[in-house]
Amino acid sequence: MKLVNGQSIVEAPVLDEVEIAKARRVLIHVQSHDGPVMKLYLWDQAARDFCKKFNSYEGTPTVLLVTTVNTKTLGGTLALTSMSSSRVFMDYEVQPTIDYFSWLGSNPAIAEQVNAEVVTKRETMTIGEIFSYIEQESAKDAFFECTATIDDVVHGCSWYYIACSGCHSKVINGPTSLICTSKKCGKVNASGVPQYLSKISVYDNSDQAVFVLLGDAGRELTGKPASELVRSYFEANGNEGVNLEAPVPEALISTIGQKHKFCVKVTEHNFSGKTRSLTVTKILPLDPQPTTVSSEDNHTAATSEETSENRVDSADGSKRTCDSSELERVKRPKCGN
């Protein structure tokens, strides 16, 4: 075992049985001998058994044997998942784990090889692959990386919401003050601050989707917090209509045509078919463009070639409404069609 729920084995993690019971899963990064690091998902009873055994050891267990697992490939990455019949064994419980311990003793360098950047990396998928994953019966909450181009900002619905300054949950108007809707926070005299809740239409070579920008993701895209954009609008308009909503700012509109790498998450709302919109949690740096090296007259020059993106003309300024069913019926054709 390399990592358990993102925690390195060498840090002797202690697992929260209550949280794991709620999540119904444990994610373990494992490496068989000197092979590649793989993700192993233990579900339900297997997750509970793993947690109890893991916490019962005086020292941190390092060798794991799981019976009857399924293999899956997500975004080119091999993953293993437990089944209802899966059983969990650790360290010196059975002969195969004892044998593996003997092998580790002879190859101590293998046990120390932990590259957290590699083993915790999110799978990279196209929009089409993410939608295919959502349609799988075994799909669970997950995060993916996806590179796409913004072709519109969705108009007709608010691009921000008023959040509790403490917990960032939505606030509502009470008789005399703002009330936080979070049961954990529950402030009855909350301070409200605008936070991003913006919908953008994006596409890649496989499909089109609506991405929802939340909080920091919106700030990372535009370079400005929502509170600053809202305040600037009302200050520029002499605070007229302060009880109304600020329109979509230029900072968001100017992102149309830009390509970005997004970290998106899929949840039960996607699996149940309630929405096809994908929530963006972070904007990531784009991968560096490959360079082409040529040689002429003993001089070498590296050149990079940028590919031009196909854009869709819009006679009405690319305005859309917030009718999600209409948005989802419109599919961008694949490049070259």
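See the structure above.
This is a predicted model, so every value here is computed, not measured. (Residues numbered from 1 in each chain as written. Predicted model: local features only at pLDDT ≥ 70, side-chain atom pairs only at ≥ 80, totals over all residues. Heavy atoms only, no water.)

1. Let's talk about the packing of aromatic side chains
Each aromatic ring pair is summarised here by two numbers: the centre-to-centre distance and the angle between the ring planes.
Here comes step 1: Under the definition given, this model contains 9 aromatic pairs.
Here comes step 2: Taking the centre distance of 4.5 Å and the plane angle of 5 degrees together, the rings of Tyr-92 and Phe-101 count as stacked.
Here comes step 3: With centroids separated by 5.1 Å and ring planes inclined at 70 degrees, the aromatic side chains of Tyr-233 and Phe-234 adopt a geometry described as edge-to-face.
Here comes step 4: Of the aromatic side chains, those joined through ring pairs into one cluster are Trp-159, Tyr-160 and Tyr-196. (Phe/Tyr/Trp six-rings, centres within 6.5 Å; stacked < 30°, edge-to-face > 60°.)

2. Brief notes about the environment of Gly-186
Here comes step 1: Tracing the sequence through the fold places Gly-186 in the loop between strand S13 (178–180) and strand S14 (192–203).
Here comes step 2: For Gly-186 and Cys-164, which are 22 residues apart along the polypeptide, the C-alpha to C-alpha distance reads 9.5 Å. (Helix = DSSP H or I, 4+ residues; strand = E, 2+ residues; numbered from the N terminus.)

3. Section: helix H6 (residues 127–134)
Working note: α-helix, 3.6 residues per turn, so residues spaced by three or four point in the same direction.
Here comes step 1: Counting buried positions along H6 yields 6 of 8 residues, so the element is predominantly enclosed.
Here comes step 2: Within H6 the residues assigned to the buried category are Ile-127, Gly-128, Ile-130, Phe-131, Tyr-133 and Ile-134. (Buried < 20%, exposed > 50% of the residue type's maximum accessible area, 1.4 Å probe, protein only.)

4. A few points about unusual backbone geometry
Here comes step 1: Despite not being glycine, Arg-24 shows a phi value in the positive range, around 70 degrees.
Here comes step 2: Turning to its location among the elements, Arg-24 is positioned in the loop between helix H1 (17–23) and strand S3 (25–31).
Here comes step 3: Judged by its relative accessible area of 37%, Arg-24 is partly exposed.
Here comes step 4: The backbone of Asp-44 sits at a positive phi, close to 50 degrees, despite the residue not being glycine.
Here comes step 5: Considering the arrangement of structural elements, one finds Asp-44 in helix H2 (residues 44–56).
Here comes step 6: You can call Asp-44 partly exposed: its relative accessible area is 28%.

5. Quick notes on the state of the cysteines
In protein chemistry, a disulfide is the covalent bond that joins the sulfur atoms of two cysteines.
Here comes step 1: By the definition in use, this model includes 0 disulfides.
Here comes step 2: Cys-167 takes part in no disulfide bond, and the closest cysteine sulfur to it belongs to Cys-180, at a distance of 3.4 Å.
Here comes step 3: With relative accessibility at 32%, the residue Cys-167 sits in the partly exposed group. (Disulfide = S-S within 2.5 Å.)

6. Considering the environment of Lys-53
Here comes step 1: Along the chain, Lys-53 turns up in helix H2.
Here comes step 2: C-alpha of Lys-53 to C-alpha of Met-90: the two residues are 37 residues apart in sequence and 7.8 Å apart in space.
Here comes step 3: In contact with Lys-53, not counting residues within four places along its chain, are Val-88, Phe-89, Met-90 and Glu-93.
Here comes step 4: Polar side-chain contacts of Lys-53 include one of 2.9 Å to the side chain of Glu-93. (Contact = heavy atoms within 4.5 Å. Polar contact = N/O pair within 3.5 Å; in protein donor to acceptor, adjacent residues only side chain to side chain.)

7. Re the pairing of strand S11 (residues 160–164)
Here comes step 1: Most of S11 sits out of view: 4 of its 5 residues are buried.
Here comes step 2: Relative to S14, S11 runs antiparallel, the two being bridged by 5 bridges. By the bridge assignment for S14, Tyr-160 is matched with Tyr-196. (Pairing = 2+ DSSP bridges.)

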